[in-house]
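# Observations on the three-dimensional arrangement
Each chain, written out:
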Amino acid sequence: MTDSSAAAELVLAAAAEGDARRLPERLCEALCAALPVDGATLSLLTDTPDRQLLHASGAAAMRLEEIQFEVGEGPCVTAAATGRVVIVADLHGRLTEWPIFGAAARQELREVGSVYAFPMTDGSEEHPVGSIDLLRHEAWEPDEETVRNCARAARAATVALLTAPSALPWNPTPMMDAHWGRTHRAAGMLSQETGVPVAEALARLRADAFVTGRPLPEIAEETLARLHGGRRGGGSADDGRGP
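The following paragraphs examine the structure supplied in this document. (Residues numbered from 1 in each chain as written. Predicted model: local features only at pLDDT ≥ 70, side-chain atom pairs only at ≥ 80, totals over all residues. Heavy atoms only, no water.)

### Quick notes on the overall build of the protein chain
Across its full length, the protein chain holds 9 helices and 5 strands. What you see in the protein chain, going N to C, is helices and strands ordered as α-α-β-β-α-α-β-α-β-β-α-α-α-α. Expressed as a percentage of its 243 residues, the buried residues of the protein chain come to 49%. Pairs at least 24 residues apart make up 63% of the contacts formed inside the protein chain by residues separated by at least 6 positions. Of the accessible surface of the protein chain, which amounts to about 11,200 Å², a share of 54% is contributed by carbon and sulfur atoms. (Helix = DSSP H or I, 4+ residues; strand = E, 2+ residues; numbered from the N terminus. Buried < 20%, exposed > 50% of the residue type's maximum accessible area, 1.4 Å probe, protein only. Contact = heavy atoms within 4.5 Å. Areas by Shrake-Rupley, 256 points an atom, 1.4 Å probe, with all protein chains shown as cover.)

Encoded structure:
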């Protein structure tokens, strides 16, 4: 097994290569190569309404993030909110601490057996800036050494992101924007229309998706179309983030 120093070095080496706009993608690839995992995701500000997924390494990783974003709970949400590592060794074998996420994951993520979530910090455990999700196809309880390896590699990925040459030099792909950016804009516009905080507006969109069983991006697009003619673009009153 790759030791913790070597795993971190592989991640940092990947960060130093190529176009900075592909940094999140390269980091996820390096995490999967350096660690005994089958998928990885990077998310910023995971426990706030302004959460942004930077990259998911495959369809299963993407759906893992979608479910957590839709229901507002799950391993990566807890990791970002608390600053602690969250290990779900058997996603299907027993109940998790997140009843809604657990039920959805067992139904929709049959190909995911384990999830390990690590907070992304700027050096202070009290202030995570996001989280890294690692997943395996089969259920597996990692030993302490493996958890240390993962933690150091996750820390290396965090350092690479926070010390990039310019602030967030990458742009979300159209799929990432549809699932996160457009949803945040819909929440911002709904907040303006109803006079409720953006967090509550986002909660209403999530509740609509949960009750109807429809994808959250679909609900968001309908909201944008109704409130603003479905026009795309950012930086104006429809992004919900202020001046």
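Picking up where we left off.
### Observations regarding the sheet that holds strand 2 (residues 52-56)
The strand order 2-1-5-4-3 describes an open sheet built from 5 strands, whose pairing is antiparallel. A strand with exactly one partner marks an edge of an open sheet, and here the two such strands are strand 2 and strand 3 (86-88). Adjacent strand axes in the sheet meet at a mean angle of 15° when their direction is disregarded. Strand direction decides the pairing type here: strand 1 (residues 39-44) and strand 2, joined by 4 bridges, are antiparallel. When the sheet's bridge partners are listed, Thr-41 is paired in strand 2 with Ala-56. Across the sheet, helix 2 (residues 23-34) lies against strand 1, strand 2 and strand 5 (128-136), angled at about 140° from strand 1, the strand it touches most. In this fold helix 3 (residues 59-71) packs onto strand 1, strand 2, strand 4 (114-121) and strand 5, with an angle of close to 130° to the strand it touches most, strand 5. (Pairing = 2+ DSSP bridges. Axes fitted to C-alpha atoms, helices over the stretch in contact; angles between N-to-C directions.)

### Observations concerning the packing of aromatic side chains
Applying the stated rule across the entire model yields 1 aromatic pair. Seen from their ring centres, Trp-98 and Phe-101 are 5.9 Å apart, and the 85° between their planes marks the pair as edge-to-face. Each member of the pair, Trp-98 together with Phe-101, is buried. (Phe/Tyr/Trp six-rings, centres within 6.5 Å; stacked < 30°, edge-to-face > 60°.)

### Brief notes about helix 5 (residues 99-108)
Within helix 5, burial applies to Phe-101, Gly-102, Ala-104 and Ala-105. Looking at the packing, one finds that the buried side of helix 5 touches helix 3 and helix 4 (75-82).

### A closer look at helix 3
For helix 3, which comprises 13 residues, the first-to-last C-alpha distance of 18 Å matches the rise-based estimate of 18 Å (1.5 Å per residue) to within 8%. In terms of burial, helix 3 is a largely internal element, 11 of the 13 residues being buried. Residues of helix 3 that are buried include every one of Ala-60, Ala-61, Met-62, Arg-63, Leu-64, Glu-65, Glu-66, Ile-67, Gln-68, Phe-69 and Glu-70, and no others. (Expected span 1.5 Å × (residues − 1).)

### Structural notes on the pattern of salt bridges
All chains considered together, the criterion is met by 11 salt bridges. Across the salt bridge formed by Glu-108 and Arg-63, the nearest N and O atoms sit 2.7 Å from each other. A residue pair is termed long-range when its members are at least 10 positions apart, and Glu-108 in helix 5 and Arg-63 in helix 3 qualify at 45 residues. For Glu-108, a relative accessible area of 38% gives the class partly exposed. (Salt bridge = Lys/Arg side-chain N within 4 Å of Asp/Glu carboxyl O.)

### Examining the side chain of His-55
Assignment of secondary structure puts His-55 in strand 2. In this structure, His-55 is in contact with Pro-24, Glu-25, Cys-28, Ala-40, Thr-41, Leu-42 and Met-176, ignoring residues within four places of it in sequence.

### Considerations on the pairing of strand 1
The buried fraction of strand 1 amounts to 6 of the 6 residues, a majority that puts the element mostly inside the structure. As defined by bridge partners, strand 1 adjoins strand 5 across 6 bridges and the pair is classed as antiparallel. Looking at strand 5, one finds that Leu-44 is bridged to Gly-130.

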